Amino acid sequence: MILDGKQIAADIRAELKEQVSELLAQGKRAPKLAVILVGHNPASETYVANKIKACQEVGIDAEKIAYDETITQQTLLTEIHRLNNDPSIDGFIVQLPLPEHINESAVLSAIDFRKDVDGLTPENVGRTVQGLPSLVSATPRGIRELLARYNIATEGKHVVVIGRSNIVGKPIAMLLMQRPYLSLPGMSASSLGDATVTICHSKTQDLDAICRTADIIIVAAGSPKLLTANMVKEGVVVIDVGINRVEDQTTPRGYRLVGDVDFENVAPKASYITPVPGGVGPMTIVSLLQNTLQAYKENNF
Ligand code: NAD
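Residues numbered from 1 in each chain as written. Predicted model: local features only at pLDDT ≥ 70, side-chain atom pairs only at ≥ 80, totals over all residues. Heavy atoms only, no water.

Draft legend 1. Region of the structure containing the site of the ligand. Near the ligand there are 21 residues, and of these Arg164, Ser165, Ser202, Val241 and Thr284 occur at the shortest range. Between the ligand and Val241, the relevant distance is 3.3 Å, taken from a nitrogen atom to a main-chain nitrogen or oxygen of the residue. In this structure, an oxygen atom belonging to the ligand sits 2.7 Å away from a side-chain N or O atom of Thr284. For the ligand, the protein covers 71% of the area, taking 850 Å² as the surface of the free molecule. More than half of the atoms of the ligand fall within 2 Å of the grid points belonging to the largest pocket. Of the residues contributing to the shell around the ligand, the split by class is 10 nonpolar, 10 polar and 1 charged. (Near = heavy atom within 4 Å. Polar contact = N/O pair within 3.5 Å; in protein donor to acceptor, adjacent residues only side chain to side chain. Areas by Shrake-Rupley, 256 points an atom, 1.4 Å probe, with all protein chains shown as cover. 1 Å grid on protein atoms, 1.4 Å probe; cavity = no way out; pocket = protein on both sides within 12 Å on 5 of 7 lines; lining within 4 Å. Sits in = over half its atoms within 2 Å of the grid points. Nonpolar A, V, L, I, M, F, W, Y, C, P; charged D, E, K, R; others polar.)

Below is the structure:
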């Protein structure tokens, strides 16, 4: 069965729109997100435009704050402090990657964790690890929500995560191994967590054998067709996070997007599988909206 992230994300957007309308009907202001964009990376510009459009669709105010790539780290930090202290901004994100002369870690650490709707500050990551209320980064939050909406329980299951990045691999592994009673607010399922999680990466030996023991596989490696049919058991649940461009002269752009899974051959063995596009991607954007509403509520009520 296909895990239809596009449809679930549309459902969640409709729910968010209703919640924002209710706030306005109560005489409250709309939640507001700010997005800092440094430079003119075309992919980043597209991501930022999509995020702002998604906000507007549900009634969340969104402001783009664009800087030239020559901005100094100090000026960027000053802007972050301004946003930290601006009561009209509920949450903000700094679109990555940043130019090389700027220390990404220093920038992310400067964000007030209560406004860190990308969930990337050390404070939020630490709180997630300890099972404290926190803002969870968008992709892991979206994956968890997708599993929840399809009633895919993780309790006692062996989950294999391929990839150990700070934005996907590490946080999704932490979320799924948590005890559910420590689980984070804003999530719809209580049956998520309590999994036995194995994290694999580029130095892992015998990835194939490890994957064959998995009930659920989450692939976030950035490598087309990394997960093949001979690596999965019958009935496996597959979450494909990868977004890769592969050459395809039959398309107007000369390329198409694929995930990290050999979808055509893995899908027949899987009980559930996400497509690319239309799986995890739409869930990631909607998670940012959920985080913004969560920050608004936690900081204003
Ligand atoms: P990354 O690019 O920072 O790192 C990739 C990870 O995969 C590393 O930890 C590496 O050790 C591991 N890896 C690479 N090749 C491997 C192999 N052959 N075997 C085992 N492990 C291997 O990771 P990221 O930023 O999490 O991105 C991963 C992919 O997910 C990319 O394609 C990215 O575009 C995509 N992504 C998608 C979304 C979404 O919303 N759908 C969000 C974030 C990232």
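Further notes follow.
Draft legend 2. Examining the pattern of salt bridges more closely. In total, this model carries 12 salt bridges according to the counting rule given. For Arg13, the salt bridge is made with Glu57, and the minimal N-O distance between the two is 3.6 Å. Separated by 44 residues along the polypeptide, Arg13 in helix α1 (residues 5-25) and Glu57 in helix α2 (residues 42-58) bring together distant segments of the chain. Here Arg13 falls in the partly exposed class, since its relative accessible area comes to 26%. According to the relative accessible area criterion, Glu57 is partly exposed, its value standing at 38%. Note that Arg149 is salt-bridged to Glu15, the shortest N-O span being 2.8 Å. In this pair, Arg149 is assigned in helix α6 (residues 138-149) and Glu15 in helix α1, connecting sequence segments 134 residues apart. For Arg149, a relative accessible area of 29% gives the class partly exposed. The class for Glu15 is partly exposed, based on a relative accessible area of 33%. One continuous salt-bridge network, built from bridges that share partners, spans Arg13, Lys53 and Glu57. (Salt bridge = Lys/Arg side-chain N within 4 Å of Asp/Glu carboxyl O. Helix = DSSP H or I, 4+ residues; strand = E, 2+ residues; numbered from the N terminus. Buried < 20%, exposed > 50% of the residue type's maximum accessible area, 1.4 Å probe, protein only.)

Draft legend 3. Inspection of the side chain of Gln178 at higher detail. Along the polypeptide, Gln178 turns up in the loop between α7 (169-177) and β5 (196-200). The class for Gln178 is buried, based on a relative accessible area of 7%. From its side chain, Gln178 meets the backbone oxygen of Thr128 in a polar contact 2.5 Å long. Gln178 has contacts with Thr128, Val129, Gln130, Gly131, Gly193 and Asp194, leaving out every residue within four places of it along the chain. (Contact = heavy atoms within 4.5 Å.)

Draft legend 4. View of the environment of Gly254. Counting through the fold element by element, Gly254 comes out in the loop between β8 (244-247) and β9 (255-258). Residues Gly254 and Val286, spaced 32 residues apart in sequence, show a C-alpha to C-alpha distance of 28 Å. Beyond its immediate chain neighbours, meaning those up to four positions away, Gly254 contacts Val246, Glu247, Asp248 and Gln249.

Draft legend 5. Region of the structure containing helix α3 (residues 73-84). When the terminal C-alpha atoms of α3 are compared, their 16 Å separation across 12 residues agrees well with the 16 Å that a helix rising 1.5 Å per residue should span. Turning to α3, its buried residues number three or more, namely Leu76, Leu77, Glu79, Ile80, Leu83 and Asn84. Considered in projection along α3, the buried side chains sweep an arc of 160° and stay on one side of the axis. Of the surrounding secondary structure, the elements contacted by the buried residues of α3 are β1 (32-38), β2 (61-67), β3 (91-94) and α4 (104-109). (Expected span 1.5 Å × (residues − 1). Arc of directions from axis to C-beta.)

Draft legend 6. Main features of the nonpolar core. Counting residues in each nonpolar core, the largest one holds 49 residues, and the members touching the most others are Ile143, Leu147, Ile218, Ile239, Val241 and Leu289. The greatest single-element share of this core, amounting to 8 residues, is contributed by helix α10 (residues 280-300). Not counting chain neighbours up to four residues away, the residues in contact with Leu147 comprise Ile152, Thr154, Leu176, Leu192, Val237 and Ile239. Ile36, Phe92, Ile111 and Leu120 belong to the second largest nonpolar core, which has 19 residues in total. (Core = buried A, V, L, I, M, F, W, Y, C linked by side-chain atoms within 4.5 Å.)

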